[in-house]
Amino acid sequence: MALHHHSDRPWRVRVDDAAGDPCGAGVLLDDRHVLTCAHVVRYAGAAPGSGAVPGVRVSSVACRPEWTRTARVAPGTWVHDHDTQRGDVALLELDEPAGCGTRTTLWKAPISGGTVQVYGFPQDEPFGMGADARLAGSGHRQGEWGLLKRMREGDPWIERGYSGAGAMAVGGEFDGRVIGIVVADYVHGDAKAAWMLPTETILTYLPRIEEFTGGDRNDELGPSRGELPGDVLGDPLRLALTQELTRLLDSGWCGTVVVGTGGTTAVGDSWLVRLVRTADPAARATVSDAELTGAPGDTVLGLGTIDAAYDARGRSAADLSGYLTRRFGLPGGDPGEVARQLLRRRPPACLVVAGVDRAQDPEALVGELLGPLARRARSRGVRLVLGFEGVTPAGLAHDVSLDPEPLRGDATRTVTAAVVHTVVGQLAAEEDAAAALHQERGMRFFAAPRPPPRAAPRLRVRLAVARATEPNPELAVIHERAEAARSVLARFDRDLRRLLSAHEDLTARLELHRVRAARYFGDEDRRLADRHAPAFRALKVEPIDLGAARTLVAHYIDEVARRLDERRPDAAGQPDGRLPDDDRRPDGRPADDHRPADDDRDLDVGRQPDGRQPDHGRPDGTRPDGGRAGDDRQPDGARPDAGGQPDHRQPDDARPDGARPGGGRPYGDRRTAVDGRREGDWRG
């Protein structure tokens, strides 16, 4: 018997019809089982109950020597809902063992982002071809397929023949692991996409493959599995809480939101459990499209939006750390180390933890794991939702509070719900603008002003309840809270813009003195370059420490000034110590000031007590002879030195056009006759 060899991905197989024509791909789980798409089997003419041929052919493309086996659909494993984004999976049993000896694990992994590689068999490539795709979750309110997007224009893309291929993660914690299978492609002109069925959805349809799966489930929230809690969205408070959290998690927002699930409202967390399950790949398989599409707006998350959800009631910090380690494929360690690993993860995670204050040791859970995550969540792009049945710890950093408790206050004015709605809307827009400014520019700085927690989401929740019973005194309190939040936001905006302005000023000063230094000493001056480089880096390398940058810029400017002072005594041999480009006259006047040395007009010398020049005859500026102050022409309009020429030209003006008699330059052109430079040009 020939010695068997296979590549490092022996699970890649091709599924053919009875005649040997390729129909799609599959994943070899062990020597007797292959996972593929139901529609691939249908293409091969072997759909169960169709009266067609009883089986398909499965061929290896990764083993040497190659092998081919006949196979048929295992009983109870055909899941196919034609023309929908649901199911489409089948488990094949080989009639004879493959003899490969391989065993493949399908990993339950987040699908909100990352890269996968698939290996399929397009029509002209019977030996297969790989294609890379980017995980993009799914924006649909229905279905259970995860979206795959094309990464680069011109690269091979998924087409017919890729269905059933294993989606292998590339990079990240799940690198090289299969996390689902390709189920369909989409091509519309230049627009190209595809879909995959995640492992958790496959497992929901085919429980018998659980032995071939690894990792923890997406949803560990609450005792039940799959179904959506009922009687949630009919309550105005639960509906408002659901909509506010949906808007946050389905947008580009990142940070920490604390959610109240107890208190006097007894709102509970059934609404939170329901929302999590609208995004769970496993739960999607048990919920109808009609239930999802018929729900009110902003109450259904996109598939895969939430990467992990955990109920901390009665659990320890070590329990939660272990779950996060397995769910995200982290190296693991103590809770603090797991928090650091999760903050470094790319793409950033979306995590929900309920019942925090009912954990085995809430103080340890917050102090060792959730507190460090909450402090840095926004800066690292993480979305963290923490549920509390009681009061939120005072020192817990957060960016949004969805506290369902009514707002108390002493407001006496009466306002309508419409007015409050307008003010809260303005606040929400200002909070969005402030968050965008901080994300785009403020995040570049060390110790930059932190945006105040968003107040609009909670105020909208309370407004939704209060407006139902208008007039309601809580409306006035909501209005006051909104106006107060706007004032706090305005202070933050001023502080951040002051920081940005200071950075721009420092950058401009550094460049100004660099140009000045280069003029005198050249760009290659080593001593100045050694001072300039750290100052430049301090203003560019993020996070920017503006205090340190200010010190380094000052050191550079001081060094430039010191070097210029050293240069002054021997500046180009000029006895008065002026620099080469200092074109002032020795008496301090500009070079183009050609008045006689004793002409003190426009100087402070000899001014009258009222500031007039000596020849000023009257306070209104007129002179006794009818002329204007500072105008030294004669009453007839001629200048004193005009030499009596009727057109008032100077004595050396030979022609009215200004040309000199000897062909010289016109009057007023003071360049020298030798080298063409202007008088006062002291360059060597």
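The following refers to the structure shown. In this text the structure is predicted, and so the values were computed from the model without any measurement.

Time to look at the packing of helix α10 (residues 417-440) against helix α11 (residues 456-466). At a minimum axis distance of 9 Å, the contact between α10 and α11 shows a crossing angle of 160°. By the angle class used here, α10 and α11 are roughly antiparallel. In terms of crossing hand, the pair formed by α10 and α11 is left-handed. Where α10 abuts α11, its residues Ala417, Val420, His421, Val424, Leu427, Ala428 and Glu431 lie against Ala456, Pro457, Leu459, Arg460 and Leu463.

The next thing to look at is the pairing of strand β11 (residues 115-120). By the alternation rule, side chains of β11 split into Val116, Val118 and Gly120, which are all buried, and Thr115, Gln117 and Tyr119, of which none is buried. In this sheet, strand β12 (residues 129-135) lies alongside β11 in antiparallel orientation, the contact comprising 6 bridges. Residue pairing across strands places Gln117 opposite Asp132, the latter belonging to β12. Across 3 bridges, the pairing between β11 and strand β14 (residues 166-170) is antiparallel. When the sheet's bridge partners are listed, Thr115 is paired in β14 with Val170.

Another point: the nonpolar core. Core analysis: the biggest nonpolar cluster contains 45 residues, and Leu35 and Ile181 have the highest contact counts within it. It is strand β9 (residues 87-94) that provides the largest number of residues to this core, a total of 5 residues. If we skip the residues at most four places from it in the chain, Leu35 touches Gly26, Val27, Leu29, Val89, Ala90, Leu91, Leu106, Gly164, Ile181, Ile202 and Leu206. Core analysis: the next-biggest nonpolar cluster, separate from the first, contains 44 residues, Phe445, Leu463, Phe521 and Ile544 among them.

We now examine the packing of helix α12 (residues 474-521) against helix α13 (residues 526-540). One can describe the packing of α12 onto α13 by two numbers: an axis separation of 11 Å at closest approach and a directional angle of 160°. One finds that α12 runs roughly antiparallel with respect to α13. As for how α12 packs across α13, the hand of that crossing is left-handed. Residues His503, Leu506, Thr507, Leu510, Arg514, Ala517 and Phe521 of α12 pack against Leu528, His532, Ala535, Phe536, Leu539 and Lys540 of α13.

With that settled, consider the packing of aromatic side chains. Where two aromatic rings form a pair, the distance of their centres and the angle of their planes describe that pair. Under the criterion given, the structure shown has 5 aromatic pairs. Taking 5.0 Å as the distance between ring centres and 25° as the angle between the ring planes, the aromatic pair formed by Tyr310 and Tyr323 counts as stacked. A residue pair is termed long-range when its members are at least 10 positions apart, and Tyr310 in strand β20 (residues 308-311) and Tyr323 in helix α7 (residues 317-328) qualify at 13 residues. Summarising the burial analysis for this pair, Tyr310 and Tyr323 share the class buried. Lying over the aromatic face of Trp107, Arg177 brings its terminal NZ or CZ to 4.2 Å of the ring centre. The ring of Phe521 has Arg563 sitting right over it, with the charged end atom 4.6 Å from the ring centre.

One can find Gly333 in the loop between α7 and α8 (335-344). Judged by relative accessible area, which is 54%, Gly333 ranks as exposed. Placed 11 residues apart in sequence, Gly333 and Gly322 show a C-alpha to C-alpha distance of 8.5 Å.

The rules behind these values
- Residues numbered from 1 in each chain as written.
- Predicted model: local features only at pLDDT ≥ 70, side-chain atom pairs only at ≥ 80, totals over all residues.
- Heavy atoms only, no water.
- Axes fitted to C-alpha atoms, helices over the stretch in contact; angles between N-to-C directions.
- Helix = DSSP H or I, 4+ residues; strand = E, 2+ residues; numbered from the N terminus.
- Parallel < 35°, antiparallel > 145°, perpendicular 65-115°, else oblique.
- Left-handed = near helix turned anticlockwise from the far one by under 90°.
- Contact = heavy atoms within 4.5 Å.
- Buried < 20%, exposed > 50% of the residue type's maximum accessible area, 1.4 Å probe, protein only.
- Pairing = 2+ DSSP bridges.
- Core = buried A, V, L, I, M, F, W, Y, C linked by side-chain atoms within 4.5 Å.
- Phe/Tyr/Trp six-rings, centres within 6.5 Å; stacked < 30°, edge-to-face > 60°.
- Lys NZ or Arg CZ within 6 Å of the ring centre and 35° of its normal.

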